[in-house]
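This is what each chain is made of:
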Amino acid sequence: MNYAYWQGVLIRTVIVILILISIYYVLEFTLPLLYPFLIGWLIAMMIEPFVNWLEKRKIPRWISASLILIGIFGLIFTLVFFIIAEIVIELTHLADLIPNFFNQAQKIFVDTFTKENTNIHRLIQALQTYLEKNPDHQKQIIDSIRDNASILAKKGTTMITEFLTSIGQFLSDLPFLLTVLIFIILASFFISLDWPNLKKNFIFLIPERAKNTLGIVLKDLKKALFGFIRAQLILISITAMIVLIGLLILKIPYAITIAFLIGIVDLLPYLGVGAVLVPWILYLFFTGNVELGIGLSIMYAIIVVVRQLLEPKLLSSNVGLDPLLTLIALFVGLKLIGFLGIILGPVVVVILLALHRAQVFNDIWKFIKGKKPNIPTTNS
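Presented here is a report on the structure given in the accompanying data block. Everything numeric here is computed off the predicted structure, so don't read it as measured data.

## Some thoughts on the overall build of the chain
Thinking step 1. Check the secondary structure of the chain and you find 12 helices and 0 strands.
Thinking step 2. Per-residue burial over the chain gives 27% buried out of 380 residues.
Thinking step 3. Approximately 26,000 Å² of the chain is accessible, and the part contributed by carbon and sulfur atoms is 74%.

Below, the structure is given as structure tokens:
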């Protein structure tokens with residue numbers, strides 16, 4: 001009897017493992033094929049409250065969906081166009097400043113190492129005297145410098161080649177990306193247009209047990225999705241406001257434009273605002289504008305500290321996760337799949353917690369043990 005029981009447990013465990021593996025491979029195969037429509041579904045789900053609001057004002061659904069999608073994507077394209085235009089203008093100005101920057105950097109470098117009666121000059125003289133007395137060490141140091149210079153040159157060449165290759169790859173992929181964008185827009189429109197029927201038919205096809213579980217998961221996922229977007233918008237707004245106040249205090253021209261661009265750049269993985277502020281600060285120190293460099297450094301430090309303090313708290317309150325759990329999800333997601341993991345990490349945790357609330361893991365364990373699972377309700 002005991003043998004038969006454990007044999008049944010083993011068989012059911014193998015069944016659960018095979019189902020999970022099958023789900024993984026199905027998702028791995030289907031996601032690259034269906035992701036434009038999944039994105040379209042998410043957009044349709046996000047705009048559904050606004051479409052319903054317009055419908056209640058006697059505006060046809062297709063006009064409501066069209067107006068909202070045109071507004072959203074029109075705003076996105078306007079922002080992208082504005083950012084690209086600003087970048088082109090700033091790059092043009094930068095191209096005019098680069099020769100002067102290198103001339104100043106060269107002058108500073110030459111003055112630093114050739115000016116007499118300085119610590120660096122005395123150190124160079126002492127080093128020359130030592131090398132003249134120790135020719136073997138001189139040869140070793142020269143060989144080491146040559147080898148390191150060769151390594152640096154190869155690394156630099158590789159970085160430049162990869163950068164140019166990535167630009168070429170992006171340009172070659174641009175038609176495909178635009179095509180995907182068109183599919184996303186069309187999918188968003190048609191899904192939104194037929195949302196009530198799709199929702200009714202989808203619910204009708206799902207078994208009652210899965211329907212209740214899916215309802216709990218979708219409810220938590222919707223909360224996490226909107227909460228994450230709200231938290232990111234708050235963080236970007238705070239960053240832009242700190243930058244604007246700092247630039248106004250430092251009396252830097254075009255403060256509003258720069259603050260807006262840095263707020264957008266704050267979405268960049270790893271670097272964030274540092275992608276703009278760090279090169280700017282280094283340039284100021286190299287060109288001798290130490291006071292402004294220190295001011296921007298203080299502003300950058302404030303932004304980093306504020307983001308580190310607020311991000312876990314904002315995500316936890318808006319997404320509905322414990323702050324420590326949110327921090328762990330952010331770090332694990334970032335380490336596993338990069339910037340996308342910052343988004344997917346908390347979402348995965350939300351899904352797992354929703355499955356736990358829906359007693360899915362408990363039911364799987366009961367199935368393995370051969371017991372009858374419970375049937376929760378969406379209000380549990």
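## Quick look at helix H8 (residues 274-286)
Thinking step 1. Between its first and last C-alpha, H8 extends 17 Å over 13 residues, near the 18 Å set by a 1.5 Å rise per residue.
Thinking step 2. After H8 finishes, the residue Gly 288 shows a positive phi value of roughly 90 degrees.

## A word on the pattern of salt bridges
Thinking step 1. Overall, the coordinates contain 2 salt bridges when judged by the stated rule.
Thinking step 2. Glu 48 is paired through a salt bridge with Arg 61; the nearest N and O atoms lie 2.5 Å apart. Of this pair, Glu 48 sits in helix H1 (residues 2-56) while Arg 61 sits in helix H2 (residues 61-114), and the two are 13 residues apart along the sequence. Judged on exposure class, the residue Glu 48 and its partner Arg 61 are both buried.
Thinking step 3. Across the pair Glu 55 and Arg 61 runs a salt bridge whose closest N-O atoms are separated by 2.8 Å.
Thinking step 4. With a relative accessible area of 33%, Glu 55 lands in the partly exposed category.
Thinking step 5. Each member of the salt-bridge network shares a partner with another, and the members are Glu 48, Glu 55 and Arg 61.

## Some words on the nonpolar core
Thinking step 1. Judged by nonpolar contacts, the single largest core of 16 residues is most densely connected at Val 243, Leu 247, Leu 277, Leu 296, Met 299 and Ile 303.
Thinking step 2. Apart from residues no more than four positions distant in its own chain, Met 299 is found in contact with Ile 242, Val 243, Gly 246, Leu 247 and Leu 277.
Thinking step 3. Among the nonpolar cores identified, the runner-up in size contains 11 residues, and Val 51, Ile 68, Phe 73 and Ile 184 belong to it.

## Some points on helix H12 (residues 360-369)
Thinking step 1. For H12, the complete set of buried residues consists of Val 360, Asp 363, Lys 366 and Ile 368.
Thinking step 2. Where H12 terminates, the next one or two residues include Gly 370, which has phi positive at roughly 90 degrees.

## Describing the packing of aromatic side chains
Thinking step 1. Under the defined criterion, the tally for this structure stands at 3 aromatic pairs.
Thinking step 2. Pairing Tyr 24 with Tyr 25 gives two aromatic rings, centres 5.3 Å apart and planes at 75 degrees, and the pair type is edge-to-face.
Thinking step 3. On the numbers, 6.4 Å between centres and 75 degrees between planes, the contact of Phe 37 with Phe 183 is edge-to-face. One end of the pair, Phe 37, is in helix H1; the other, Phe 183, is in helix H4 (residues 135-193), and 146 residues separate them in sequence.

## What about the environment of Tyr 283?
Thinking step 1. Within the secondary structure, Tyr 283 is located in helix H8.
Thinking step 2. Exposure remark for Tyr 283: the relative accessible area of 25% places this residue in the partly exposed category.
Thinking step 3. On a C-alpha basis, the gap between Tyr 283 and Gly 293 in space is 8.2 Å, while along the polypeptide they are 10 residues apart.

## Some words on the packing of H1 against H12
Thinking step 1. The geometry of H1 relative to H12 is characterised by a closest axis approach of 7 Å and an angle of 140 degrees between their N-to-C directions. Between H1 and H12, the crossing angle belongs to the class labelled oblique. Of the residues in H12, those in contact with Tyr 5, Val 9, Arg 12, Thr 13 and Val 16 of H1 are Ile 364, Phe 367, Ile 368 and Lys 369.
Thinking step 2. Split into classes, the residues belonging to the contact of H1 with H12 amount to 6 nonpolar, 1 polar and 2 charged.

## Digging into the side chain of Glu 48
Thinking step 1. Given the relative accessible area of 8%, Glu 48 is considered buried.
Thinking step 2. A distance of 2.5 Å separates a polar atom in the side chain of Glu 48 from a polar atom in the side chain of Arg 61.
Thinking step 3. In this view, Glu 48 contacts Arg 61, Ser 192 and Trp 195; residues no more than four positions away in its chain are not counted.

Here is what the cut-offs are and how they apply
Residues numbered from 1 in each chain as written. Predicted model: local features only at pLDDT ≥ 70, side-chain atom pairs only at ≥ 80, totals over all residues. Heavy atoms only, no water. Helix = DSSP H or I, 4+ residues; strand = E, 2+ residues; numbered from the N terminus. Buried < 20%, exposed > 50% of the residue type's maximum accessible area, 1.4 Å probe, protein only. Areas by Shrake-Rupley, 256 points an atom, 1.4 Å probe, with all protein chains shown as cover. Expected span 1.5 Å × (residues − 1). Salt bridge = Lys/Arg side-chain N within 4 Å of Asp/Glu carboxyl O. Core = buried A, V, L, I, M, F, W, Y, C linked by side-chain atoms within 4.5 Å. Contact = heavy atoms within 4.5 Å. Phe/Tyr/Trp six-rings, centres within 6.5 Å; stacked < 30°, edge-to-face > 60°. Axes fitted to C-alpha atoms, helices over the stretch in contact; angles between N-to-C directions. Parallel < 35°, antiparallel > 145°, perpendicular 65-115°, else oblique. Nonpolar A, V, L, I, M, F, W, Y, C, P; charged D, E, K, R; others polar. Polar contact = N/O pair within 3.5 Å; in protein donor to acceptor, adjacent residues only side chain to side chain.

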